[in-house]
Amino acid sequence: MKEDYVRRKERWAKKMSGKERPARPNAGRLPPGQHEVSNFPVLDLGVHPEIPLGEWSLKIHGEVENPVTLDWEQFMALPQFRDVSDFHCVTTWSQFDMEFSGVAFFTLADLVKPKPSATHLFFTGYDDYTTNTPLDACMDDDVMIAHAWNGQPLPLEHGGPARMIIPKLYAWKGAKFIREIHFRDHDELGFWEQRGYSNSADPFTEDRFA
Ligand SMILES: Nc1nc2c(c(=O)[nH]1)N[C@H]1C(S)=C(S)[C@@H](COP(=O)(O)O)O[C@H]1N2
Ligand SMILES: [Mo]
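In this text, all values refer to a predicted model and were calculated from it rather than measured experimentally.

Draft legend 1. A look at the sheet that holds strand S7 (residues 130-134). Across the sheet, five strands lie side by side as S3-S2-S11-S6-S7; this open sheet has mixed pairing. The sheet is open, and its two edges are formed by strand S3 (68-71) and S7, each paired on a single side. When strand polarity is set aside, the average angle formed by the axes of neighbouring strands in this sheet is 15 degrees. Examined bridge by bridge, strand S6 (residues 120-125) and strand S11 (residues 178-184) share six bridges and lie antiparallel to one another. Across the sheet, the residue bridging to His-120 is Arg-184, located in S11. Those strands touched by helix H3 (residues 105-112) are strand S2 (57-62), S3, S6 and S11, and its axis lies near 130 degrees from that of S3.

Draft legend 2. Focus on the side chain of Asp-140. Residue placement: Asp-140 occurs in the loop between helix H4 (135-138) and strand S8 (144-149). For Asp-140, a relative accessible area of 7% translates into the label buried. Among the polar contacts made by the side chain of Asp-140, one reaches the side chain of Lys-168 at a distance of 2.9 Å. In this view, Asp-140 contacts Arg-8, Arg-11, Phe-106 and Lys-168; residues no more than four positions away in its chain are not counted.

Draft legend 3. Representation of the pattern of salt bridges. Enumeration according to the criterion identifies 18 salt bridges in this entry. Put simply, Asp-141 and Lys-15 hold a salt bridge, and the shortest N to O gap is 2.7 Å. Highlighted residues: Asp-141 in the loop between H4 and S8 and Lys-15 in helix H1 (residues 2-17), separated in sequence by 126 residues. Residue class for Asp-141 comes out buried when judged on its relative accessible area of 5%. Among the residues examined, Lys-15 registers a relative accessible area of 10% and is labelled buried. The partner of Asp-140 in a salt bridge is Lys-168, with the nearest N and O atoms 2.9 Å apart. With Asp-140 in the loop between H4 and S8 and Lys-168 in the loop between strand S10 (163-165) and S11, the pair connects residues that are 28 residues apart, well separated along the chain. According to the relative accessible area criterion, Lys-168 is partly exposed, its value standing at 44%. Look at the salt bridges and you will find they share partners, linking Arg-11, Lys-15, Asp-83, Asp-140, Asp-141, Asp-142 and Lys-168 into a network.

Parameters and conventions
- Residues numbered from 1 in each chain as written.
- Chains lettered and ligands numbered in written order.
- Predicted model: local features only at pLDDT ≥ 70, side-chain atom pairs only at ≥ 80, totals over all residues.
- Heavy atoms only, no water.
- Pairing = 2+ DSSP bridges.
- Helix = DSSP H or I, 4+ residues; strand = E, 2+ residues; numbered from the N terminus.
- Axes fitted to C-alpha atoms, helices over the stretch in contact; angles between N-to-C directions.
- Contact = heavy atoms within 4.5 Å.
- Buried < 20%, exposed > 50% of the residue type's maximum accessible area, 1.4 Å probe, protein only.
- Polar contact = N/O pair within 3.5 Å; in protein donor to acceptor, adjacent residues only side chain to side chain.
- Salt bridge = Lys/Arg side-chain N within 4 Å of Asp/Glu carboxyl O.

Keep in mind these values describe shape, not function.
What follows is the structure, given as structure tokens:
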């Protein structure tokens, strides 16, 4: 557990240093029941809340030593992270080699300092969408809050100005229009998790529905 955490953080440190960009072989990348697309479909509740950057803020709080509310300038002043990952939607499409830039989740965790009691995360978007994960699922080298896709500001319909990217889970776990991250000492189901979607959401075991 601890060793696994150290390995993930070591992989992330190599990415931050720009020295490592692992080759991504195509074999075995497509999870069962998925097909590959290249048009990055839009899936959400149909509400695209337009948040001027001057009014945007991200609140990170709960079971942490150092709760913060970041405005856009403070968020963008954090160490920047770029990574390439695959994106898997439960409606059976996957898109490979998605280049996102933003702030790594490890950077945010280092900033707020989770207490030992923190076990779960609860995310809320500006459209009031919610979703949840174990803390451990986000303490990984490929998890970030993205503000750019393919070098361009993240389009509103894909969750701009900023959204969560958690490549190893189905995409509904990645809150678009992110407004708040609550570190918790217990799990609480989000919007789709309350409506029959799997709580663990692992694409490679086709863990779609609860
Ligand atoms: N805030 C918010 N985030 C959200 C959603 C949403 O409706 N609102 N939909 C989720 C679902 S079901 C999916 S599949 C992905 C889709 O992301 P995309 O529209 O960029 O493809 O966003 C997820 N994050
Ligand atoms: Mo979805």
